[in-house]
Amino acid sequence: MSTSEIAKLESRWRENPQGLTFAPLAEAYRKMKEPQRALDILAEGLAQHPDYIPASIVLGRCQLDLAADAEAERAFARVLELDAENVIALKAMAEICERQLRFDDAEVHLEALLLIDRSNDEARSQLERVQTSRRNAVGVERPADDPRAADAPVVLPAEPAVEAEAPEAAAGESVDADTDTAPDRDEAA
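Quick caveat: nothing in here was measured; it's all calculated off a predicted structure.

Reading the values: rules and limits
Residues numbered from 1 in each chain as written. Predicted model: local features only at pLDDT ≥ 70, side-chain atom pairs only at ≥ 80, totals over all residues. Heavy atoms only, no water. Phe/Tyr/Trp six-rings, centres within 6.5 Å; stacked < 30°, edge-to-face > 60°. Helix = DSSP H or I, 4+ residues; strand = E, 2+ residues; numbered from the N terminus. Buried < 20%, exposed > 50% of the residue type's maximum accessible area, 1.4 Å probe, protein only. Core = buried A, V, L, I, M, F, W, Y, C linked by side-chain atoms within 4.5 Å. Contact = heavy atoms within 4.5 Å. Expected span 1.5 Å × (residues − 1). Arc of directions from axis to C-beta.

J.: Please clarify how the packing of aromatic side chains should be interpreted in this entry.
T.: How two aromatic rings sit relative to each other is given by the distance of their centres and the angle of their planes. Per the counting criterion, the structure on display carries one aromatic pair. Taking 5.9 Å as the distance between ring centres and 55° as the angle between the ring planes, the aromatic pair formed by Phe22 and Tyr52 counts as tilted. With a gap of 30 residues between them, Phe22 in helix α2 (residues 22–31) and Tyr52 in the loop between α3 (35–48) and α4 (53–65) connect regions that are remote in the sequence. Exposure remark for Phe22: the relative accessible area of 0% places this residue in the buried category. Residue Tyr52 is classed as partly exposed on the basis of its relative accessible area, which comes to 23%.

J.: How should the nonpolar core be read in this particular structure?
T.: Ranked by size, the top nonpolar core spans 21 residues in total, and within it Phe76 and Leu110 carry the most contacts. Taken together, the elements giving at least two residues each to this core come down to α4, α5 (69–82), α6 (87–99), α7 (103–116) and α8 (121–136). Discounting residues that sit within four places of it in the chain, Phe76 has contacts with Ile57, Gly60, Arg61, Leu64, Ala89, Ala92, Met93 and Ile96. Judged by nonpolar contacts, the second largest core, of 17 residues, contains Ile6, Leu9, Leu25 and Ala38.

J.: Explanation requested: the environment of Ser11 in the structure shown.
T.: When you line up the elements, Ser11 lands in helix α1 (residues 3–15). Ser11 sits in the partly exposed class, given a relative accessible area of 28%. Expressed as a C-alpha distance, the spacing of Ser11 and Thr21, which sit 10 residues apart in the sequence, is 9.7 Å.

J.: What's the story with α3 in this structure? I'm lost.
T.: Every α-helical turn comprises 3.6 residues, leaving residues that sit three or four positions apart pointing alike. With 14 residues, α3 should reach 20 Å at 1.5 Å per residue; the first-to-last C-alpha distance of 20 Å fits that figure. Among all positions of α3, only Pro35, Ala38, Leu39, Ile41, Leu42, Gly45 and Leu46 are buried. Buried residues of α3 fall within an arc of 165° about the axis and therefore sit on the same side. Along α3, exposed side chains directed more than 90 degrees from the buried face belong to Ala43 and Ala47. Where α3 is buried, its residues touch α1, α2 and α4.

J.: Whenever I open this one, unusual backbone geometry confuses me. Can you help?
T.: Of note, the phi angle at Ala67 is positive, near 60°, even though the residue is not glycine. On the secondary structure map, Ala67 appears in the loop between α4 and α5. Its relative accessible area of 64% is what places Ala67 among the exposed residues. The residue Leu101 is not glycine, and still its phi comes out positive at about 60°. Mapped onto the secondary structure, Leu101 falls in the loop between α6 and α7. In this structure Leu101 comes out as exposed when scored by relative accessible area, which is 60%.

J.: Explanation requested: the environment of Ala72 in the structure shown.
T.: Take Ala72: it is sitting in helix α5. On the basis of relative accessible area, Ala72 is assigned to the buried category, the value being 0%. Along the sequence, Ala72 and Val58 sit 14 residues apart, while their C-alpha atoms lie 9.6 Å from each other. Sequence-distant contacts of Ala72, defined by excluding residues within four places in its chain, comprise Gly60, Gln63, Leu64 and Ile96.

What follows is the structure in structure tokens.
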């Protein structure tokens, strides 16, 4: 987006700060690699319009740009509270969950997305990848408070390595504690 287009959006937003122009303006700043400016605009606009889905989507995208997955997940979860069939939010949630190795959650979002958009080949490919990753994750333990922990494979700890014992010193010789070797016979005399 050009600076002249941003200027037009800025002007429209200043003329009507209670309007919804804040979302496309924030998206323009996000695309211009100015996520903090976008977040400032979104904070102001979402304070007045907390249920405006496009703004929450832009918020989630800004957070993803900043590698703030937890904040992005909250933004996209808000979108799904308002519209459970929002394909943008479902896709973003699946990507976040997959990145965090939460394969079951990613699968749930992708299956919901495919129920809405059966022809989404990208989501279908991602679902296959997630399912393969989940199968390959055998041996990964889940936290005890995870409700799916009962489904997780039992992982036994590896046998502890047995350290070789220090060689015993011959009668009358001492073992050097620092090197675990007996001193030379010439030194002992």
